[in-house]
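# Architecture at a glance
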Amino acid sequence: MGDAACEDAVEQLAGLLDKVDAPLKKAFENVHQGYPTETLIRFLKAREWHVNKAQKMLVESLNWRIQNEIDSILEKPIIPEDLYRSIRDTQLVGLSGYSKEGIPVFAVGVGLSTYDKASVNYYVQSHIQINEYRDRFILPMVTKKYGGPITTCIKVLDMTGLKLSALNQMKIVTAISTVDDLNYPEKTETYYIVNTPYIFSACWKVVKPLLQERTRKKVHVLRGCGKDELLKIMDYSSLPHFCRREGSGASKHSSSDPDDCFSLDHPFHQELYNFIQEQALNMELIKQGSMHVNIPNQDPEDAKIVGVIEAEFHKLSVQNGSANGVDKE
């Protein structure tokens, strides 16, 4: 699509957004953080530059934010701390550092996340809080530091420990990715996938052809722990802990390792945790219980992909002779 056509689409979408009512406009301000054009482009990209589809997606997302009080989600701590710690131990995600261009690098422990210590609501709440903190504080901070808009992040996905039993977590993972796809589109610039076991390669083979080209281009499956490739775009200090050393035990998650960016003791999580506690105190809002966030309906295309992954997992478990109950990695 040519530059002129892109500009035209952005202008049309901006014009349509001008007609929405005040609460939606306010919600949009919180989303764009001073960069409306970049935000409109993200929604346009997510809908292949169809202006009406992008407008529908954006308005639905703004309504979702209002109905679920997303703008105040950073005032709602997950308490007590023990519960939050167990979420951090089972939903492995963290900010490991920044690329040489200042883009935040988020690490995700796909294979070792178990999501089995709290209800779906808590995991979704924790995920959205990280998204909102990234968008409202981290991205504006690096934008200021680097003097130009930084509106996306890089994700390094660690597949260590991925087993067929991961199917049990499919529901939570799907809920979280649906929230991201529909309300935080095009926020990830590149996905680097590391430490891939056989089961991942088998699934990737069947999933890859189903992805839109735009998504396919973002995904890079790296050899081993990906260290050499990643060092081309970031310094050693920003490498996720599971990319720092090859070989066995490279990424056993240990919540007491200060370099482990999944741990609640890591500076990023401490900062986020303390920030949310402070906001809540200001609002005198501290109360127990998770926020219930409505999970939007999944895109039919995405639902198809989830179905294919599930079928592939079943096929692998049959080949694996599940009778012996052993997970081959």
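Everything numeric in this text was worked out from a predicted model, so none of it was measured.

## Some remarks on the sheet that holds strand β2 (residues 104-109)
- Read across the open sheet, the five strands follow the order β1-β2-β3-β4-β5; overall the sheet is mixed. If you trace the sheet from one side to the other, it starts and ends with β1 (93-98) and β5 (219-221), each paired once. Taking the axes of each pair of neighbouring strands and ignoring which way they run, one obtains an average angle of 25 degrees across the sheet.
- Of the strand pairs in this sheet, β1 and β2 are connected by five bridges, and their pairing is antiparallel. Its bridge partner lying in β2, glycine 94 is registered against alanine 107.
- Packing against the sheet, helix α6 (residues 120-146) makes contact with β1, β2 and β3 (153-158), and its axis sits at approximately 155 degrees to β2.

## Considering the UniProt feature "domain: CRAL-TRIO" (unreviewed entry) in the protein
- According to UniProt, the "domain: CRAL-TRIO" (unreviewed entry) feature falls on residues 80-240.
- The span residues 80-240 carries 43% helix and 17% strand; its end-to-end C-alpha distance comes to 28 Å.

## Some words on the pattern of salt bridges
- In the structure shown here, the tally under the stated rule is 18 salt bridges.
- Here glutamate 60 ties to lysine 56 by a salt bridge, and the two come within 2.9 Å at their closest N and O atoms. Here glutamate 60 pairs with lysine 56, and both are found in helix α4 (residues 51-67), just four residues apart, close to one helical turn.
- Since its relative accessible area comes to 46%, glutamate 60 is described here as partly exposed.
- The salt bridge involving glutamate 186 is made with arginine 214; its shortest N-O contact spans 2.3 Å.

## Focus: the environment of serine 238
- Tracing the backbone shows serine 238 in the loop between α10 (227-230) and α11 (267-283).
- Note on serine 238: relative accessible area 9%, which makes it buried.
- Separated by 110 residues in the primary sequence, serine 238 and isoleucine 128 place their C-alpha atoms 23 Å from one another.
- In this view, serine 238 contacts Ser96, Gly97, Tyr98 and Val105; residues no more than four positions away in its chain are not counted.

## Overview of the pairing of β2
- In terms of burial, β2 is largely enclosed, as six of its six residues are buried.
- Side chains Pro104, Phe106 and Val108 of β2 all project onto a buried face; the interleaved residues Val105, Ala107 and Gly109 project onto the opposite face, where all are buried too.

The rules behind these values
Residues numbered from 1 in each chain as written. Predicted model: local features only at pLDDT ≥ 70, side-chain atom pairs only at ≥ 80, totals over all residues. Heavy atoms only, no water. Pairing = 2+ DSSP bridges. Helix = DSSP H or I, 4+ residues; strand = E, 2+ residues; numbered from the N terminus. Axes fitted to C-alpha atoms, helices over the stretch in contact; angles between N-to-C directions. Contact = heavy atoms within 4.5 Å. UniProt positions renumbered as here; feature names shortened; annotations may be inferred. Salt bridge = Lys/Arg side-chain N within 4 Å of Asp/Glu carboxyl O. Buried < 20%, exposed > 50% of the residue type's maximum accessible area, 1.4 Å probe, protein only.

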